[in-house]
Amino acid sequence: MNTLAITGEALIGGVAVKGSGSAIYAYNPGLQQQMEPAFHAVDLQQIDQACRLADAAFDQFRALSDEQRAVFLETIAEQIMALGETLVERVMAESGLPRLRIEGERGRTVGQLKLFASLLREGSWHDVRIDPALPERTPPRPDLRMRMIPVGPVAVFAASNFPLAFSVAGGDTASALAAGCPVVLKAHSAHPGTSELVGRAIVKAVELCGLPAGVFALLTGSGNGIGQELVRHPAIKAVGFTGSRSGGTALMAVAAARPVPIPVYAEMSSINPVFLLPQALAARAEDIAQGFAASLVLGVGQMCTNPGLVIGIDGPDLARFTATAAQALAGGAACAMLSSGIAGSYARGIHQLEQHADVSTLALAGQEAGKGAPALFRTTAAAFLSQHALSEEVFGPASLVVACRDLAELHQVAESLEGQLTATLQMDAADLDTAQALLPLLERKAGRILANGYPTGVEVCSAMVHGGPFPSTSDGRSTSVGTGAINRFLRPVCYQNLAQALLPPVLRDNSEADTGAGTNAGRWHRRDGVLTRA
C-alpha cells in the first residue's frame, strides 16, 4: 500500500475501500477553500466488516509478546516519519496550524508510540500480583495469581484540535494497541487527508510486522451516525473519544444502552481555572499576566487545557493584572481556526459574553470570519456564582476574569466549579497557607494541579494525568496521556490453582524468583524474564 497517496478511501482489512455514503471534503481554513479529493462515508456493512475483522484479530494480537507489540509501535512511528513533507504539508493545509506546531506535534505522536513501547518492555503494566498457596492455614488458601489483559477491540474517535497527537495514531490508539486491543478508528472530518496518510502508515506497519489485517481500520465520513453505529457494534469493548461535551455524552448514552454496556473514555469540556493568590499577585501581577496571555493564545486557544477562567481578589493588584493582560491580548491578530464550525462557535461564545449585562469587556481584538482573535472579559464572583452560563467553555483564545471580594468568596467560586482537567495556583512562599487550604478542594475538582506555570503544554510521561472529574472527562479515574492511559483498555483476571503449564508466562514461577509462602505475597513485576516483588 502506498502510504503517500491520498485517495479519499477508508482502510478496512488492510485494503483501501471507497465508502458509499455522502461525500465530504477537507477544508483549508487559511485559504478558506475546499480541498480534493472527496471522502465518502462508510456504510453499515463496512462498519460491521471493520469490527468483525478486529474481533477476529483480537486473540492473535493479544497473544503477541511484549517485545513484538513494542516493535509494532516503533514500526508505526517509523512509518509516520517516512511520510516526511507530504504529511506536514497536508496537516498545515487542513488545520491552518504553522509548521513548527505540526513538526512538534508529529514528534509528540512518535514519542508517545515509543513511550508505550518502553512500557511494554519494562513490564509493570501487567500489574502482576501473586498470593501463594497456604495449605497449612485453616481454611487453606489457594494459589492466586493476577494479571491485566486487554478488553478487546476499541473504537477511537480522532480529535479536531490535535490532528496528529490526539488523532489516528495518537494517545488513544497507541495505548489501546499497546494493551493488545485492535483499533477501529473514526477519522475526523476536519482533517481527512491527514487521517488517511497516518492510517496508511499504520496499515503498512501491520503488514511489515506480519499482524492480522483487522488490528487496525480507518473509517471515513461525517455526522453522528457512523460513530453511534460503531459504538453499538457488539465487537467493540471500549471507546476513546476527545471532543465536545455533547458528542461525548451522546456516545456515553449509546454505550450504556447496549445489551452489554461498555466504558466510554471521553475527554470533553474544561475551562482550567487559574487562581491568582494574593501575595503572588501583589509581587508579580504584570509577569503573571504576560505568561497567561501567551498561554491563552497558544494554538489560537484551541487547547483542551486553555486557561479560560482567572480567579483573584478584587483590588489594585488584580487591576494591574487585567490591564497588562488586556494590553497584551488587544493587539493580537485574528488567526485561522481549525474549522468553520469551531470558528462559528467561538464567535457566538464571545458575542454572548460581550453582550452579557454582568460582564465587562477588557480586550477584544478585531474578529474575522473563520478566524479567532483574543478576548478577555471580567465579571464579579456574585454574578459568576448565580449564573451557570458564565462557567461554560468558550473554545478559543478567550478568558473570563472573576473578581472576588475576599478569600472566602474565592473559595465559593472554586467550590462551584465543575470537574476540570487542570487547576493552576499562581503563588509565592507567603501564599503557602492559602494554597494549603485550597488544595483539598482542587484535588476534588481537577486531574492536574499546577503551581506557577500555565496549563497549556502537556508533558507526555509516566506521571502525567490528562483527565479529571466530569465533565472534563467521562471517567475521572482515567488519563488519556502518559503510560497510565493503557489502564483504560485492560481488565484484571485472577488464576486460582492453575498448573504452571496453564499459567500465562508472566505469572509462572522461575528459579530466580523467591516462591516461599509468606515472602512473596502481593504485587510482582517481571523484568528481563525475572519475576520480582514490586
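Anything mentioned here points back to the structure above.
In this text the structure is predicted, and so the values were computed from the model without any measurement.

> What's the story with helix α7 (residues 224-232) in this structure? I'm lost.
Since there are 3.6 residues in each turn of an α-helix, residues three or four apart along the chain are aligned in direction. Within the span of α7, buried status applies to Ile-226, Gly-227, Leu-230 and Val-231. Relative to the axis of α7, the buried residues are bounded by an arc of 130 degrees and lie together on one face. Check the buried side of α7 and you find it contacts α1 (44-62), β7 (154-157), β8 (183-186), β9 (216-219), β10 (238-242) and α8 (245-257).

> Any chance you could explain the pairing of strand β6 (residues 144-150) here in plain terms?
The side chains of a regular strand alternate between both faces of the sheet. Where burial is concerned, most of β6 is hidden: six out of the seven residues are buried. Pairing of β6 with strand β21 (residues 490-496) involves seven bridges; the strand directions are antiparallel. Each residue of the ladder has a partner; that of Leu-144, found in β21, is Gln-496.

> Would you mind showing me how to read the pattern of salt bridges here?
This structure, assessed with the given rule, holds 25 salt bridges. Between Arg-320 and Glu-286 there is a salt bridge, with its nearest N and O atoms 2.9 Å apart. Within this pair, whereas Arg-320 is found in helix α10 (residues 316-330), its partner Glu-286 is found in helix α9 (residues 278-297), the two being separated by 34 residues in sequence. We classify Arg-320 as partly exposed; its relative accessible area is 27%. One network of salt bridges, with partners in common, ties together Glu-9, Glu-196 and Arg-200.

> How should I be thinking about the pairing of β7 in this particular structure?
Every second residue of β7 is oriented toward a common face, with Val-154 and Val-156 on one face and Ala-155 and Phe-157 on the other, all of them buried. Sheet topology note: the β7/β8 ladder contains four bridges and is parallel. Across the sheet, residue Ala-155 finds its bridge partner in β8, namely Val-184. Of the crossover connections in this fold, the one passing from β7 over helix α5 (residues 171-179) to the parallel β8 is right-handed. Direction of pairing for β7 relative to β10: parallel, over a ladder of four bridges. For Ala-155, the partnering residue across the bridge sits in β10 and is Val-239.

> Quick question: what am I supposed to make of unusual backbone geometry here?
Residues other than glycine predominantly adopt negative phi, and peptide bonds predominantly adopt the trans conformation. A cis geometry characterises the amide bond from Glu-36 onward to Pro-37, with omega recorded as 0 degrees. Looking along the chain, the bond that leaves Thr-138 and enters Pro-139 is cis, with omega of -5 degrees. With respect to the helices, strands and loops of the structure, Pro-139 is situated in the loop between β5 (128-131) and β6. You will see that Gln-32, though not glycine, has its phi angle at about 55 degrees, which is positive. Relative to the helices and strands, Gln-32 resides in the loop between β3 (23-28) and β4 (33-40). For Gln-32, a relative accessible area of 41% translates into the label partly exposed. Phi angles above zero are rare outside glycine, and Asn-497 is one such case at about 60 degrees. Within the secondary structure layout, Asn-497 lies in the loop between β21 and β22 (522-527).

> Sorry if this is basic, but what is going on with the packing of aromatic side chains here?
The geometry of an aromatic ring pair is captured by two quantities: the separation of the ring centres and the angle between the planes. Throughout the structure, instances matching the rule amount to five aromatic pairs. Pairing Tyr-265 with Phe-489 gives two aromatic rings, centres 6.0 Å apart and planes at 90 degrees, and the pair type is edge-to-face. Taken as a pair, Tyr-265 in strand β11 (residues 264-267) and Phe-489 in the loop between β20 (446-451) and β21 lie far apart in primary sequence, 224 residues in all. Its relative accessible area of 0% is what places Phe-489 among the buried residues. When the ring centre of Phe-162 is taken as reference, the NZ or CZ atom of Arg-101 above it lies at 4.6 Å. The positively charged end of Arg-108 is found above the aromatic ring belonging to Phe-162, 5.6 Å away from the centroid.

Each value, and the rule that gives it
- Residues numbered from 1 in each chain as written.
- Predicted model: local features only at pLDDT ≥ 70, side-chain atom pairs only at ≥ 80, totals over all residues.
- Heavy atoms only, no water.
- Buried < 20%, exposed > 50% of the residue type's maximum accessible area, 1.4 Å probe, protein only.
- Helix = DSSP H or I, 4+ residues; strand = E, 2+ residues; numbered from the N terminus.
- Arc of directions from axis to C-beta.
- Contact = heavy atoms within 4.5 Å.
- Pairing = 2+ DSSP bridges.
- Salt bridge = Lys/Arg side-chain N within 4 Å of Asp/Glu carboxyl O.
- Right-handed = clockwise from strand over helix to strand, strands pointing away.
- Phe/Tyr/Trp six-rings, centres within 6.5 Å; stacked < 30°, edge-to-face > 60°.
- Lys NZ or Arg CZ within 6 Å of the ring centre and 35° of its normal.

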